[in-house]
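Reading the structure
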Amino acid sequence: MASVVFYFQVHQPYRLRRYSIFDTEPTYFDDYKNEQICHKVSEKCYLPATQAILDMVRRHEGRFRVSYSLTGTVIEQFKRYNPEVLKVFEALAKTGCVEFISETYYHSLSFLYSRNEFIEQTNMHCRLIEDLFGQTPRVFRNTELTYNNDVAQVVHDMGFTAVLAEGADYVLGYRSPTYVYNPPNRPDLRLLLKNYRLSDDVAFRFSNRGWKEWPLKAEKFAGWINQINGNGYVCNLFMDYETFGEHQWADTGIFDFLRALPGEVLKYRDNDFLTVSEAADRYPAAGEIDVPHMTSWADTERDLSAWLGNAMQANALHEIFRLEDDIKAAGDPVLLADWRKLQTSDHFYYMCTKYFSDGDVHKYFNPYESPYDGYINFMNIIDNLRHRIADSVESAESPRLGMGKSP
Amino acid sequence: MLGWEFPPFISGGLGTACFGLTKALDELGIEVTFVLPTALPLSAGAGGGRVSVRGADKLRVRGAAPEPFHHLQIRQVSAVLQAYGTPQTFQKEKATQAKGAAAAKAAQALPWSVTARGVPAGGGGMVMGAAGQYEGDLMEQVRRYARLATEIAVQEPFDVVHAHDWMTYPAGLSVSGVTGKPLVVHVHSTEFDRSGDNVNQQVYDIERAGMHGADKIICVSNFTRNIVINRYGVSPAKATVVYNAVETSNGEAEAASPLKRNEKIVLFLGRITMQKGPEYFLAAAKKALEKMPNIRFVMAGSGDMIRRTIEMVAQLGIGQNVTFTGFLRGADVDRVFQMADLYVMPSVSEPFGIAPLEALSHNVPVIISKQSGVSEILTHVLKVDFWDINEMANKILAVLRHPPLQRVLREQGTGEIRKLSWKDSASRCKQVYESLVV
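Note that this is a predicted model, so its numbers are computed, not measured.

A closer look at helix α14 (residues 331-339) of chain B
Because each turn of an α-helix spans 3.6 residues, side chains separated by three or four positions in sequence point in the same direction. Residues and elements named next belong to chain B. When α14 is considered as a whole, its buried residues turn out to be Val333, Val336 and Phe337. Considered in projection along α14, the buried side chains sweep an arc of 100 degrees and stay on one side of the axis. Contacts made by the buried residues of α14 are with β7 (264-269), β8 (295-300), β10 (342-345) and α15 (355-361).

Details of the pairing of strand β5 (residues 162-166) of chain A
Residue and element names in this part refer to chain A. Most of β5 sits inside the fold, with 5 of its 5 residues counted as buried. Side-chain alternation along β5 places Ala162, Leu164 and Glu166 on one buried face and Val163 and Ala165 on a second face that is also buried. Bridge analysis of strand β4 (residues 139-140) against β5 gives 2 bridges, and the strand direction is parallel. Of the residues in β5, the one forming a bridge with phenylalanine 140 is valine 163. Chirality of the crossover, the property in question, places the unit of β4, helix α6 (residues 149-157) and β5 among those that are right-handed. Strand direction decides the pairing type here: β5 and strand β7 (residues 190-194), joined by 5 bridges, are parallel. Paired with valine 163 across the strands is leucine 191, a residue of β7.

Thoughts on the packing of aromatic side chains
All names here are of chain A. Taken as a whole and assessed by the stated rule, the structure comprises 43 aromatic pairs over all chains. Their ring planes at 5 degrees and their centres at 6.4 Å tell us that phenylalanine 6 and phenylalanine 273 sit as a pair that is stacked. Taken together, the residues phenylalanine 6 in strand β1 (residues 2-10) and phenylalanine 273 in strand β9 (residues 271-273) connect sequence positions 267 residues apart. Using a relative accessible area of 2% as the deciding quantity, one classes phenylalanine 6 as buried. Their ring planes at 85 degrees and their centres at 5.6 Å tell us that tyrosine 19 and tyrosine 28 sit as a pair that is edge-to-face. Like tyrosine 28, tyrosine 19 is buried. Three or more aromatic residues link up through ring pairs in this structure, and these residues are Phe6, Phe8, Tyr46, Phe64, Tyr68, Phe78, Phe89, Phe100, Phe133, Tyr241, Phe244 and Phe273. Positioned above the aromatic ring of phenylalanine 111 is the side chain of arginine 115, whose terminal nitrogen or guanidinium carbon lies 4.2 Å from the ring centre. Sitting over the face of the ring of tryptophan 297, arginine 141 holds its NZ or CZ atom 5.5 Å from the ring centroid.

Quick notes on the rules
- Numbering of residues begins from 1 in every chain and follows the order in which that chain's sequence is written.
- Written order determines the labels here, with chains lettered from A and ligands numbered from 1.
- Totals for whole chains, interfaces and linings use all residues, but because this is a predicted model, local features are given only for residues with pLDDT of at least 70 and pairs of side-chain atoms are given and counted only at 80 or more.
- Side-chain measures were taken over the full set of non-hydrogen atoms in the model, leaving aside hydrogen atoms and water.
- Burial classification: accessible surface area is computed with a 1.4 Å probe over protein chains only, and a residue below 20% of its type maximum counts as buried, one above 50% as exposed, and the rest as partly exposed.
- In DSSP terms, a helix is any run of H or I states spanning at least four residues, a strand is any run of E spanning at least two, and both are numbered starting from the N terminus.
- The arc in question is the one spanned by the directions pointing from the helix axis to the C-beta atoms.
- Residues count as neighbours in contact if any of their non-hydrogen atoms are within 4.5 Å of one another.
- When DSSP finds two or more bridges between a pair of strands, those strands are recorded as paired.
- Think of it like this: strands point away, you trace from the first strand over the helix to the second, and a clockwise trace means the crossover is right-handed.
- Here is the rule: rings of Phe, Tyr and Trp (six-membered ring for Trp) pair when centre to centre is within 6.5 Å. Planes less than 30 degrees apart are stacked, more than 60 are edge-to-face, and the remainder are tilted.
- Counting as a charge over the ring demands two things of the Lys NZ or Arg CZ atom: a distance within 6 Å of the ring centre and an angle within 35 degrees of the ring normal.

As structure tokens, then:
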């Protein structure tokens, strides 16, 4: 039996506007650009891909099943800019063939800096998914698949039944991501590891004409999946949802591939599709996987270095989380939401200097001209945030002066 | 090689580039005969004469073991040309020279001669009188240099003529014409960089004639190549880019200034001319001081805008935060880099810009204008439009306020310049030569 477990990550950050040290207004986000990008990606990816998946679920009468994680920040932006996308997702949720995974609402690295903030954001996200799709997430994935034994421990205590991670070679060793595992001493928590070879065939190599397997057709790919029969149970295809139509443009044939794949996989009588918790429930753990160090699905290093690889990133992350107590003491919901939007991991990814000179994927997704510009902009905003905290503390201390908005 | 300014007569990047490139060509085993105009009288300030003697020693041709060159011959000719000279500055200098007997004396002590081969360090050969050299105008000196260079060329065996910047183009054309050898002109700057749109027609015409008469044009950046193509009507196929480089020290990090100070130092180092954007630097300084009062802005260099710049400091009311050092050379340049927390190059139009590379090699973070050739090859620096003084101030303050930013810029920046070597530039030049000789 080979069960294909699709999980798609849907995320957009709140990109920041250009914020100079001479700026004083408490508006940090580039609404115009965020709206433009939301429209563009909705049109190229979110709408056609979700519609394609809905069609496939219906055509295969529930035998095609997938899982999603939608961050709180992307859902907020859909509500504001492209509510029609949420309509398709809601329709998909009603089919009962789609599972929604939980993560931190703000796609943050809070696990590394504040356990309280991590738990609050995860609970926030669960409530959002319940409200929107009427299901309570049972499976957790941390931002960018950052994972170690501590993550397993905490999410187990929060009641999740499974957690997702990268199937990096140095994590698995000789073992295969086609089995289900459990973290050390947590026999009741399932660990699903990304099959990065097959996932990246679709997510990264699909349109690469220099690749010897190009062009990749659904029939061939289904054949590769079928080879798992006898060597495991699951084929964990975890990828950014934007793969469909945005990273791989429509003219590469990615949507034809997506529409053809369920039929090709199901041609093999032994194979099927499962959502993440169905896979966790059906298959026994093949052993313990010990992950003492933080792993992720980013770059070839598959570690934290894309967000925490240089002194600027470490400094910016430290500074933002240092404000937690003061922000929460201030009791201002707008201030709190702004602070949380600034935690989104993308802001720190933009400051990454790895490969910057080579002009690769980091540059493509970067709204700044350089990682240095990203850092400077972010730090200027934190400066302003600090002033606002100080103002709100002051106004709380002298209520008579605290009626108006701070200047 | 028809070039400029060998140490110690360095007044800017042109001399540094000629020296670095020639040294690397020498290391590649290419024999270079370097025809150098006499720039001495113009740089004959305090210590000028003394330095020249040391320079002569250093540059003796086919020298013994400690000498850095193996295949180089320097031929000094008595044309009074100065890098960055303009017809206006020439007239000014001529007037000064007429008065300055001391300077003339220093020039007479110049031991190099036109006729003697091998440039003896002693006083042999023809000695030139400085006063005589100033006869006529700059254009006459350019023609004189061309005539003398051609006289040398007919005696010398060589394969390619390589001419650096406009004052040597007539010489290049003449040498190439007489000997039939191919001509390469090397564009380190154009009249549009130096003068904005108020170009000197005569200079432009010489530049244009040189570029059109050349077999190949080497430009120091794409920025310059585009000017050459668009403003001089040169065929794109003829113009290639060879970037400049920097000589890095042997990797030893320089100790920070031992002086304890509660001031941050932001450095401008370059000629104080329209091209280098000193007024944008000061306007940004004014903005930055509004947010952070303990910054010292050091302006190192001299030039025709010095008076206007000093007046501007007074008008802005930031006199106590701005220091003018005058023109610096040698160890003083090293020292000022060591003291600096940040180097800013706000150039309005910079064909390349070697100074930022020197700053990085001294471990100093750098802000450069986007209107520069060097911004094409540096990624680990901060970049601004020269006119965007708010952004310039924003970035100045960011570097001074955030040590992690300084740290990453230093680490990554020094790594980046290690990849730039004169040897690579020289190899590119060699390829150009070979394409012409075959």
